[in-house]
Every structure is written in structure tokens, then in C-alpha cells.
Amino acid sequence: MRHSQYILAFFFTLILTTQARHHHHTKHKHSSHSNNNDNNTTSPSSGISMPPVAAPGGYDNEAPSPSPSDDDGSEIFNVRTFGAIGDGIADDTKSFKMAWDSACQSDSAINIVLVPRGFSFMVQSTIFTGPCQGGLVLKVDGTLMPPDGPESWPNNTSRRQWLVFYRINNMSLQGSGVIDGRGQNWWDLPCKPHKGPNGTTLPGPCDSPVALRFFMSSNLSVQGLRIKNSPQFHFRFDGCKSVRVDSIFITSPALSPNTDGIHIENTNDVRIYNSVISNGDDCVSIGTGCYDVDIKNITCGPSHGISIGSLGNHNSRACVSNITVRESTIKGSDNGVRIKTWQGGSGSVSKVTFSKIHMESVRNPIIIDQFYCLSKDCSNKSSAVFVSDIVYSNIKGTYDIRHPPMRFACSDSVPCTNLTLSDIELLPAQGDLFNDPFCWNAYGNLETLTIPPVSCLIEGLPQSLPGNDLSRC
């Protein structure tokens, strides 16, 4: 009898041990990439749910498995789980690459690479490549930064770009954090255009990195982020399609050189909405190959304004069409809405509308400059980008009295045509003396009276038009 009791007790203990082991394995299998200090809530702009999750387990020579989210099928890839330190000093590049590659290879519908709040991550110049299996979200809730200046930049990495996203379809960049470009030491390079007493520059290496570059990608969304102090452009979209930028804040000092807020080139179907940009160059610049672009509710300045161009540099061909800039404010800027082209180029800028724009102390509120030049030795040339079908409607506010409120400086050989003005009211920011608008070889019409009056536009059309250039665009 006693022997039988021993046997029963042995089997009972064995069963309990087996159940405990099975329970422990299941819990480990479903542990998340996030830890208890990195919890995040749902992003109001994206609707992506990221519930609180357990602390990560260790991993040996392979990335840990992400946990599926029960409500939307998403998976979270916390960069800290992949080894990122987040102290602003350690190099976290490898951990970011591991997190990205794991998310990119996942077949879940939504894969979230999480940069958690409360940490500062230093990442070297890196290319994040696609295509990916599912949709990908880079959610920046902490601080993301590059090495601090050219002296800290590794010699074996590109000095022209920091973070590149290449061949990505269906990606969102969002979050409540900050991307800090740490641009001051780049702006202070001797080659940069200084604003000192002599305004001189010195020879030497001058490459500076674009902070965020999207290249040959589609269905992109940038939402809710703050980015500051890029060494050069803050955002650049090259060869992209279907781009949505909404509710972002871009800041850098007014004298920081070449720090365009958003630059697009060879990119179409673009929407830039509800954002605040102040920097040392154009708030938004539109390069060649862009069409179907809508810019709305932008607060711009101090800056160089919102620009199409520059186009046609080095005798190149440029084509831009179907651009709308509306319901925006430009303040304390060198320019308002601008089209700028180099002499010697070809192609066309057409079907552009600037509407419902408020100007506050802007030096050149409305400007077409077909003699754009960065030096004093640019010579006159017989070809130019053809500028046609430009509408200026309901543009009001104040201008700096040192410059004319409207300037239409069109090419000697290729005049601007079909410029249409209505409801223009531009007053001097100081005093009550009006400057006269300036026109050169500019053809167009006034649909209403303007303030100040524009009497220099030439009515009708010129005798000859560069039809071949326009049709080939």
C-alpha cells in the first residue's frame, strides 16, 4: 500500500512539473519587443494601437520574435529589444538596421519599428531598403540624431545623406518625438555662405547630409513629427509617388544655409498639409519632374518662401505642372511664392495656382525670376524654361519696402505668358509709400484691380511661342 502511494505521488509531481514548464514556454513565446519602460499608446494621427507589453527576453545570435497585436494584426519591433542603448552617445545603427530588416521581412499587415520615448538614439548614415512584405511604420517617440558634425562623421559613410528610405511601398513615418539633425557644425564649414562683414566663403569640402531622403518609393505618409536643425534639406523626396505630409513641424535658424524644409523632385501626387516650417531656405521647394502637387495650410517663415525651382541649371531640361499652393501664411521671409529658373535651360512650368495666401513683411511676395544666378558671372543665354498659365488669386498682406511687391522678370528670348492676377492687395509693412511692380517680357491679364496697380503686364500673347518645349513636357 505504501509502495502504491509513493508511485501515485511521483506521477502527480511529474504532471505538475510538466504543466509549469508548458505554461512558462507559452509566455516566453508571446513576449514583446517592448519593455515595461517603453510602453506607448495609440497614435491619434495613425490609429495604430500599441498596447503595453512585457519585458523582453534575451536572444542569442538571432532577433527575438515580435508579438502580434490581437486587434489589428500589427507587430511591434522595439529598437531597444534589438540592442539599442539610447543614451545619445552609443552607436545604435546596427540595432536600428536589425529592427528594420525584421519588420520588413514580416508578413503581418502592419509592422511597427518603435523608437521609444525617453531615449536619445545616435544613428550613422544608413540606407533602409525595401520592398517589404507588409506595411511599415517607423514610429519615432524618442529622439533620433546623427553624429555631431563633420568631425564625428565616419569617413566610410556618405556625407550627402543621413537616413535614406529606398524602394519602400506603403510606409508611414510618424510619432511624438524629435529628429534632431545637429546641423550647427555643418553650417559653420568655411565653404558655407556666411553672413559676416565680407560675406565670403573659403574652398574646402562642402558636402552636407540631407536629414531624411525617400528615394524611388510610393504610398508614403509623414505625420505629426518634429524635425530640427538639419545640416542641409530636412526632407527630400526623389522619384516618389503618392506622398502625404501632414501636421509636421520643421525648424532651423533663419541663417542656416540650404536647409530647405521639404524638397521634392521627379515626384508626383503630393499632398503637403497643416504644417509649420521655419528655416534658412525654402519652406517647400519643387524641382523638375514634379506634377499634381497640392500644398495647403502651411505656416512658412522666416524662410525663403515656397518655391518652384531652381530649374534649368547647367542647360538642363525641367518640367513642372499642376501645382497648387493655397490657404497658407508666409511671414518674415525673403520671398513669398516664387518661380526661379536659370538661363540656358529648357522645358516648362505650367498650370500653377497660388491662392488665398497671406503675406506678413515679406521681401518679395510674388516673384518670377528667370535670371536666377548664385554668382556675378552668369551670362545671358538664348534659351530658358517656358513659364505659362500661372494664376495669382487672393494674395494679401504686407511687404518689405526695400523691394517691389511683385516682380515678373522673364527671359529675353522666352517670355512668360498667361499670367493672371486677381484680388491682389499688398501694402508696405512700414510707411505709406508704395513700390511699383516690376515686369520684364511678361504677358498676362488682370481680372480685378490690384493694390498696388500693375500696369506693366503686356496684354495678349507674343508673336512666337516655344510650343515644342511645352508639348514635349
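Residues numbered from 1 in each chain as written. Predicted model: local features only at pLDDT ≥ 70, side-chain atom pairs only at ≥ 80, totals over all residues. Heavy atoms only, no water.

As annotated in an unreviewed UniProt entry, the chain carries the name Polygalacturonase and is attributed to Arachis hypogaea. The record held by UniProt for the chain lists under Sequence similarities (unreviewed entry) the comment "Belongs to the glycosyl hydrolase 28 family." (UniProt positions renumbered as here; feature names shortened; annotations may be inferred.)

### Brief notes about the overall build of the chain
When you go through the chain residue by residue, the secondary structure sums to 4 helices and 30 strands. Per-residue burial over the chain gives 50% buried out of 473 residues. Pairs at least 24 residues apart make up 73% of the contacts formed inside the chain by residues separated by at least 6 positions. Here the chain displays about 22000 Å² of accessible surface, and carbon together with sulfur accounts for 51% of that area. (Helix = DSSP H or I, 4+ residues; strand = E, 2+ residues; numbered from the N terminus. Buried < 20%, exposed > 50% of the residue type's maximum accessible area, 1.4 Å probe, protein only. Contact = heavy atoms within 4.5 Å. Areas by Shrake-Rupley, 256 points an atom, 1.4 Å probe, with all protein chains shown as cover.)

### What about the pairing of strand 28 (residues 416-428)?
Bridging between strand 26 (residues 386-399) and strand 28 involves 10 bridges; their strand directions are parallel. In the strand pairing of strand 28, Tyr399 is matched with Pro428. In the sheet, strand 28 pairs with strand 30 (residues 442-446) via 4 bridges, with the strands oriented parallel. Bridge pairing in strand 30 places Leu419 opposite Gly444. (Pairing = 2+ DSSP bridges.)

### Comments concerning the packing of aromatic side chains
Counting across every chain of the model gives 13 aromatic pairs. A centroid spacing of 6.1 Å and a plane angle of 40° characterise the contact between Phe119 and Phe121, whose relative ring orientation is tilted. The residues Phe119 and Phe121 share a single accessibility class, namely buried. Aromatic pair Phe165 and Phe214: ring centres 4.9 Å apart, planes at 20°, arrangement stacked. You can see Phe165 sitting in strand 8 (residues 161-166) and its partner Phe214 sitting in strand 11 (residues 210-215), a full 49 residues away along the chain. Through successive ring pairs, a cluster of aromatic residues spans Trp100, Phe128, Phe165, Phe214, Phe235 and Phe237. The positively charged end of Arg213 is found above the aromatic ring belonging to Phe215, 4.6 Å away from the centroid. (Phe/Tyr/Trp six-rings, centres within 6.5 Å; stacked < 30°, edge-to-face > 60°. Lys NZ or Arg CZ within 6 Å of the ring centre and 35° of its normal.)

### Some details on the pairing of strand 15 (residues 241-246)
Across 5 bridges, strand 12 (residues 218-223) lies against strand 15 in parallel orientation. Counterpart to Ser218 in the pairing with strand 15 is Lys241. One ladder, built from 5 bridges, connects strand 15 with strand 18 (residues 268-278); its direction is parallel. By the bridge assignment for strand 18, Val243 is matched with Val270.

### Here we look at a nonpolar patch on the surface
Taken together, the side chains of Leu427, Phe434 and Ile451 present a nonpolar region at the surface, about 230 Å² in accessible area. Positionally, Leu427 belongs in strand 28. A residue is classified by how much of its surface remains accessible, and Leu427, at 33% relative accessible area, is partly exposed. (Patch = residues over 30% accessible without salt bridge, like charges linked within 9 Å, V, L, I, M, F, W, Y side chains within 5 Å. Salt bridge = Lys/Arg side-chain N within 4 Å of Asp/Glu carboxyl O.)

### Points about the state of the cysteines
For the coordinates displayed, the defined rule picks out 7 disulfides. Between Cys410 and Cys416 runs a disulfide, and the two sulfur atoms are separated by 2.0 Å. Here the disulfide of Cys410 and Cys416 is left-handed, its torsion about the S-S bond being about -110°. By relative accessible area, Cys410 is classed as buried at 0%. Relative accessible area serves as the criterion here: at 0%, Cys416 is assigned to the buried category. Shown here is the disulfide that connects Cys439 with Cys456, its sulfur atoms set 1.9 Å apart. (Disulfide = S-S within 2.5 Å.)

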